[in-house]
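Notes for the structure review
Each chain, written out:
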Amino acid sequence: MSAEPNRAFIAVEPSIEGVLDSAGEAFCIFDADDRLIRANQRFRDMHGPLADMFRTGAPLETILEAEGKWREEAGLIDDVAAWRAARRAAHDTAGAPIEEPQPGGGWVQRRISRAEDGSTVVFLSDVSALMRERDGAEQRNALLRGTLENIPQGLVAVDADLRMLTWNRLYFELLDLPHRFAQVGTPLRDILGYIAARGDLGEGEPDAAVERALEQGTASGPARFDRETSNGAVLEVRVRPLDGGGFVATYSDVTEARRAAQRLSESEERYALAAAGANDGLWDWDLKNNTVFYSHRWKEMLGHGESEIGDSPEEWFGRIHPDDTERVKGMLDAHIGGAVSHFEVEHRMRRADDDHRWMLIRSLAVRGDDGAAYRIAGSQTDITDRKRAEQQAVHDALHDTLTGLANRTLFLERVRQALARRQRHASTRFAVIYLDLDRFKLVNESLGHVHGDDMIIAASRRLEQSLKFGDTVARLGGDEFAILMEEVATPGDAKSISESLQQTLSSPFVLRGKEVYATASMGIAHSEHDYERPEDILRDSELAMYRAKELGKARSVIFDPSLRKSPVTPIDLDTDLRRALERDEMSLHYQPIVSLTNGRISGFEALLRWEHAELGAISPADFIPLAEETGLIDSLGQWVLRQACRQMLIWNESRPANNQLEISVNLSSRQFTRADLVTGILDGIHGSGLGAASLKLEITESVLMENAQRSIAMLNQLKELDIKICVDDFGTGYSSLSYLHTFPIDTLKIDKSFIGDMSRNYQNLEIVRTITMLARNLRLDVIAEGVETPEQHAQLRALGCQFAQGFHFSRPLDVDKATRLIQEDRRW
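Since the model is a prediction, treat every value here as computed from it, not as a measurement. (Residues numbered from 1 in each chain as written. Predicted model: local features only at pLDDT ≥ 70, side-chain atom pairs only at ≥ 80, totals over all residues. Heavy atoms only, no water.)

1. Overview of the overall build of the chain
Note the threshold: The helix and strand labels rest on DSSP assignments: H or I over at least four residues marks a helix, E over at least two residues marks a strand, and numbering proceeds from the N terminus. Two things to know: the radius of gyration comes from C-alpha atoms, and the globule rule equals 2.2 Å times the number of residues to the power 0.38. In this scheme, a residue with accessible area under 20% of its type's maximum is buried, one over 50% is exposed, and one in between is partly exposed, where area comes from a 1.4 Å probe on protein chains only. In what follows, a contact means two residues having at least one pair of non-hydrogen atoms within 4.5 Å. Method for areas: the Shrake-Rupley scheme with a 1.4 Å probe, in which residue coverage is limited to the protein chains shown. Charge counting follows a simple rule: Lys and Arg are positive, Asp and Glu are negative, and His as well as the terminal groups are ignored. Charged side chains are reduced to one point each, which is NZ for Lys, CZ for Arg, CG for Asp and CD for Glu.
When you go through the chain residue by residue, the secondary structure sums to 32 helices and 31 strands. Against the 2.2 N^0.38 benchmark of 28 Å for 828 residues, the chain shows a C-alpha radius of gyration of 38 Å, more extended than a compact globule. For the chain, buried positions account for 45% of its 828 residues. Put simply, of all contacts in the chain between residues at least 6 apart along the chain, 54% involve residues at least 24 apart. Carbon and sulfur atoms make up 49% of the accessible area of the chain, which amounts to about 42,000 Å² in all. Once the 98 positive and 132 negative side-chain charges of the chain are each reduced to a mean point, those two points are 2 Å apart.

2. What about the pairing of strand 30 (residues 781-785)?
The following threshold applies: By this definition, two strands are paired if DSSP reports at least two bridges between them. By the criterion used throughout, a crossover qualifies as right-handed when its path from the first strand across the helix to the second strand runs clockwise, the strands pointing away from the viewer.
Burial of strand 30 is extensive: 4 of the 5 residues sit out of reach of the surface. As defined by bridge partners, strand 30 adjoins strand 31 (residues 803-805) across 3 bridges and the pair is classed as parallel. Looking at strand 31, one finds that Ala784 is bridged to Ala804. Following the backbone out of strand 30, through helix 31 (residues 790-799) and into the adjacent parallel strand 31, one traces a crossover that is right-handed.

3. A few points about the sheet that holds strand 21 (residues 520-526)
To be explicit about the condition: Only the contacting stretch of a helix is used when fitting its axis, a line to C-alpha atoms as for every element, and angles between N-to-C directions run 0 to 180 degrees.
The strand order across the open sheet formed by 5 strands is 17-18-16-21-22, and the pairing between neighbours is mixed. Two strands in the sheet have a free side with no partner beyond their single neighbour: strand 17 (472-477) and strand 22 (556-558). Averaged over all pairs of adjacent strands, the angle between their axes in this sheet comes to 20 degrees, without regard to strand direction. Taken strand by strand, helix 19 (residues 491-506) contacts strand 16 (430-437), strand 18 (480-486), strand 21 and strand 22, and its axis lies near 160 degrees from that of strand 21. Docked against the sheet, helix 20 (residues 534-550) engages strand 16, strand 17, strand 18, strand 21 and strand 22, running at close to 140 degrees with respect to strand 21.

4. Details of the side chain of Ser128
For the record, the criterion: What qualifies as a polar contact is a pair of N or O atoms within 3.5 Å, subject to a donor-acceptor requirement within protein and to the restriction that residues adjacent in sequence count only when both atoms come from side chains.
Mapped onto the secondary structure, Ser128 falls in helix 6 (residues 128-150). There is a polar contact of 2.8 Å between the side chain of Ser128 and the side chain of Asp126. If we skip the residues at most four places from it in the chain, Ser128 touches Gly106 and Trp107.

5. Focus: the packing of aromatic side chains
Worth spelling out the cut-off: Side-chain rings of Phe, Tyr and Trp, where Trp is taken by its six-membered ring, are said to pair if the distance between their centres is within 6.5 Å; with planes under 30 degrees apart they count as stacked, over 60 as edge-to-face, and otherwise as tilted.
Considering all chains together, one arrives at 15 aromatic pairs under this definition. When the centroid spacing of 5.7 Å and the interplanar angle of 90 degrees are considered together, the rings of Phe809 and Trp828 count as edge-to-face. A residue pair is termed long-range when its members are at least 10 positions apart, and Phe809 in the loop between strand 31 and helix 32 (815-824) and Trp828 in the segment after helix 32 qualify at 19 residues. Neither residue differs from the other here; Phe809 and Trp828 are each classed as buried. Among the aromatic residues, ring-to-ring pairing joins Trp167, Tyr171, Phe172 and Tyr251 into one connected group.

6. A short note on the pattern of salt bridges
Any two side chains of opposite charge can pair, given that their charged atoms come close. Stated precisely, the cut-off is as follows: Here, a salt bridge means any side-chain nitrogen of Lys or Arg that lies within 4 Å of a carboxyl oxygen of Asp or Glu.
For the coordinates displayed, the defined rule picks out 61 salt bridges. Here Asp284 makes a salt bridge to Arg375, at a shortest N to O gap of 2.7 Å. Taken together, the residues Asp284 in strand 11 (residues 281-286) and Arg375 in strand 15 (residues 373-382) connect sequence positions 91 residues apart. Arg600 serves as the salt-bridge partner of Asp825, at 3.4 Å between the closest nitrogen and oxygen. Residue Asp825 is located in the segment after helix 32, and its partner Arg600 is located in the loop between strand 23 (586-595) and strand 24 (601-612); the two are separated by 225 residues in the primary sequence. For Asp825, a relative accessible area of 42% translates into the label partly exposed. Assessed through its relative accessible area of 29%, Arg600 is described here as partly exposed.

7. Section: the pairing of strand 18
By the criterion of burial, strand 18 is predominantly enclosed, with 6 of the 7 residues buried. With 7 bridges joining them, strand 16 and strand 18 adopt antiparallel strand pairing. Within strand 18, the residue paired with Tyr434 across the bridge is Ala482. Note: strand 17 against strand 18, 5 bridges, orientation antiparallel. Its bridge partner lying in strand 18, Gly477 is registered against Glu480. Between strand 17 and strand 18, which follow one another and run antiparallel, lie 2 residues, and Gly478 among them has a positive phi close to 60 degrees.

8. Observations concerning helix 16 (residues 408-424)
Because each turn of an α-helix spans 3.6 residues, side chains separated by three or four positions in sequence point in the same direction. Basically, it comes down to this: Multiplying 1.5 Å by the helix residue count minus one yields the expected span of that helix.
Look at helix 16: 24 Å from first C-alpha to last across 17 residues, which is about the 24 Å you get at 1.5 Å a residue. Those residues of helix 16 that sit buried are Leu410, Phe411, Leu412, Val415, Ala418, Leu419 and Arg422. If you follow the buried residues of helix 16, they end up packed against helix 15 (384-398), strand 16, strand 17, strand 18 and helix 20. Capping the start of helix 16 is the job of one residue whose side-chain oxygen sits 3.2 Å from the backbone nitrogen of Thr409: Asn407.

9. With respect to the packing of helix 4 (residues 60-73) against helix 5 (residues 80-93)
Inclusion rule: Oblique is the label for every angle not falling under 35 degrees (roughly parallel), over 145 degrees (roughly antiparallel), or within 65 to 115 degrees (roughly perpendicular). Each crossing gets its handedness from the near helix: less than a right angle anticlockwise from the far helix is left-handed, clockwise is right-handed. Amino acids outside the nonpolar list (Ala, Val, Leu, Ile, Met, Phe, Trp, Tyr, Cys, Pro) and the charged list (Asp, Glu, Lys, Arg) are all regarded as polar, and Gly is one of them.
Where helix 4 meets helix 5, the axes come as close as 9 Å, and the angle between the chain directions of the two elements is 135 degrees. With respect to their mutual orientation, helix 4 and helix 5 come out oblique. As helix 4 runs across helix 5, the sense of the crossing is right-handed. Listed contacts from helix 5 to Leu60, Glu61, Leu64, Glu65, Glu67, Gly68, Lys69, Arg71 and Glu72 of helix 4 are Val80, Trp83, Arg84, Arg87, Arg88 and His91. Each residue belonging to the contact of helix 4 with helix 5 can be placed in one class, and the counts come to 4 nonpolar, 2 polar and 9 charged.

10. Concerning the environment of Phe343
Its location among the elements puts Phe343 in strand 13 (residues 343-350). The exposure class of Phe343 is buried, given its relative accessible area of 1%. Leaving out residues up to four positions away in the same chain, Phe343 has contacts with Trp316, Val328, Met331, Leu332, His335, Ile361, Arg362 and Ser363.

11. Thoughts on the sheet that holds strand 3 (residues 98-101)
As a general point, the strands of a sheet are linked pairwise by backbone hydrogen bonds and lie either parallel or antiparallel. Strand order across the open sheet formed by 5 strands is 2-1-5-4-3, with antiparallel pairing between neighbours. Two strands close off the open sheet at either side, each with one partner strand: strand 2 (36-39) and strand 3. This sheet shows a mean twist of 20 degrees between the axes of neighbouring strands, independent of strand direction. Of the pairings in the sheet, the one linking strand 3 to strand 4 (residues 107-114) comprises 4 bridges and is antiparallel in character.

12. Re the nonpolar core
Worth spelling out the cut-off: We call a set of buried residues a nonpolar core when its members are Ala, Val, Leu, Ile, Met, Phe, Trp, Tyr or Cys and they connect through side-chain atoms within 4.5 Å of each other.
One finds Phe604, Ile663, Ile681 and Leu695 to be the most contacted residues of the largest nonpolar core, which totals 78 residues. Here this core gets 9 residues from one element, more than from any other, and that element is helix 23 (residues 633-653). Setting aside residues up to four positions removed in sequence, Phe604 forms contacts with Tyr590, Gln591, Pro592, Ile593, Met648, Trp651, Leu661, Glu662, Ile663, Ser664, Ala818 and Ile822.

13. As for helix 32
Selection criterion: The arc in question is the one spanned by the directions pointing from the helix axis to the C-beta atoms.
Of the positions making up helix 32, those classed as buried are Ala818, Leu821 and Ile822. End-on, the buried residues of helix 32 take up no more than an arc of 100 degrees, which puts them together on one face. Those residues of helix 32 that are exposed and angled more than 90 degrees off the buried face are Asp816, Gln823 and Glu824. Downstream of helix 32 by a residue or two, Asp825 has a phi angle that is positive, lying close to 50 degrees.

14. Some details on the confidence of the model for the chain
To keep things clear, this is the line we draw: Scored from 0 to 100, pLDDT reflects the predictor's confidence in each residue.
Across the chain, the average pLDDT comes to 87, with 93% of residues at or above 70. Low pLDDT, under 50, characterises residues 1-12; the predicted model gives this stretch 12 contacts beyond four residues in sequence or across chains. Taken together, the stretch residues 274-278 has pLDDT below 50 and engages in 8 contacts with residues farther than four places along the chain or on a different chain.

15. Topic: the state of the cysteines
What counts is decided by this rule: When two cysteine sulfur atoms lie within 2.5 Å, the pair is treated as a disulfide.
By the definition in use, this model includes 0 disulfides. There is no disulfide at Cys645, and the cysteine sulfur nearest it, in Cys726, is 16 Å away. The structure places no disulfide on Cys726, whose sulfur is separated from the nearest cysteine sulfur, that of Cys801, by 11 Å. Judged by relative accessible area, which is 1%, Cys726 ranks as buried.

16. Quick word on the environment of Asp746
Along the chain, the position of Asp746 falls in the loop between helix 28 (737-740) and strand 29 (747-750). Counting along the chain gives 34 residues from Asp746 to Leu780, while the straight-line C-alpha distance between them is 5.3 Å. With near-sequence residues (within four places) excluded, Asp746 lies in contact with Lys719, Ile723, Lys724, Ile725, Leu780 and Asp781. There is a polar contact of 2.8 Å between the side chain of Asp746 and the backbone nitrogen of Ile725.

Pasting the structure below:
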């Protein structure tokens, strides 16, 4: 085909131009000399920034060269020359269709057709959905099939026309069905007819039995019923309708359980009602007759014989500790009245020997058709040992493990109490000594850590024995001790006591058969300086101890205000953190969470930042663990919650009701274990005015799994308030899939460690894919954390991940910058 006829062909009428551009399929035409005759608008659109290249007369080689560079920049190819050669060969041979990825995401199929005159037509079709489906179908099917075959029930799903969609092996085994029914599309009526003919649907005409079974399966809501087979087996059938019509039915062999239930006598039933409780003392209260059955074990636990306890409720309530009686009765009345779903309480019970034991009571009321309770049964478990262990845990939290002395937390509390007494009574005087053993490192290195510990313990005992009643000695860590001396009139008196302590420590310690001598450097701070906070007097005594070290050790130094010019001490960071909120050094930054469906911001994660007045920005990795250790995380967390909710309310007030943003706030392990967590969160929400539905709490999976049952109870309380729950760092901690579906959660956040290496590490990619599919099957949202590149963005979108956050979209921003970002209404 010559050039002249080509140019004549190109000069098409405007109406034909419109027809070509409105064609549903993307295509372009090259003449016999491989020069572009025409590319319709859809074809140009699919080439993004190269659209202007497709001009009449453009050579194929020029187009291929530009497209190769485009693909190379997108990271889709490494060798442009090789790619051009392959594309050229495909163009010349017009062979089979070719699928290839597009820069920016998605896949296209390229089909080439050559005419008799040598011209070539290239067709492009968007096959992204087909490729995603083909890529994931096999893995999804394998995952689903493996799940179906491993659940402990037989399962079958049917469509709206009551034809089989899927099933598992156990379904065929429990119903003893022949293999000929194992076909997609098999009518359920055929299966029911088969088992009805052998009597598995009860007596009577098989057709009537089939109709009854179909009515049970097609009820408007979930159903549960037993079905007895002709061989005597009992199957429990649970039916749940599907949204689009049809239903899922599960079959469990409960033959033995049902037979056992039938054999229970009236007395055995009393025990069965309390089986959910601990297998200890059992009781059964007939509310109508106001009589209580107490088991032999219940009486035995209280040191009584069978005949020593009657059947009156007073046998129980009369033995409850007076301090617990009102609380127990109040909780029991609430359960009987229907205000709470179950009754569980811990209280003390008086034994026959007048000793009190801690008991855990669990029970459940039995209600009539009118909802009124007529019976309540439960169990009684002796938890005295557990209570003692909890008390020991409290002791351990306030005492040093090695020496048994008070630790820093308890010591500061004792100093705080002394300061409070001084505020009430100005004549109160006390002093703090900060003591550090000299050359202790040499003992550790020479004799080993075991004997070093022996020396610390021996020194602790000497210090304890040298103090008067009411004074406190604490081990702060390593070889450092602090001593609170009450009723010390002057700094001079405190120094005299320190010299006595020095004398006490001067006697040799015998370690591994050797005599080891020790001295100590001591700093003294007296209450005459009118301290307001315990951390300040401890800091000053530490500064004085440093001066004693500088002066040659083995001596005491009284604090002087000039010592505060010394460098920052290790305790200063803790001290400053406690005052950071008062000094307005804390702020929140907000990192956007982006919807991968529409590319817009769907919410923000609130992140705490500390700008120290002297030290500048301090990393959260440095101060958050310190806040956890000292308990400051509680007040910091409450401040973060209030600030974040207030800011989100401001942003949402200017947005339509159907397009509200969510704010995500992290909960630490310490916060999550607090009994008043829900109350604190309610205070934060109500104080801000933000609707609970706009708040999402992020909790790591490791925190949830520390006590799964307690976590479920706590999360249920939060969900009842309409608060959303996100499992943070999912995939990095220890979780059990058997628990995951029981947690009332809304979102899984994939840890950034999987995202960062996803493009190079096939295993990480498969983990992300599996988590995404798992969440989809559980109807949970997925957020990918740590997205930093366009490639990661494209991969996550192709995997069906709904949301993402990371530096690719935006770094954490202060309020003003985050507000501007929202106003820009940017799309990614």
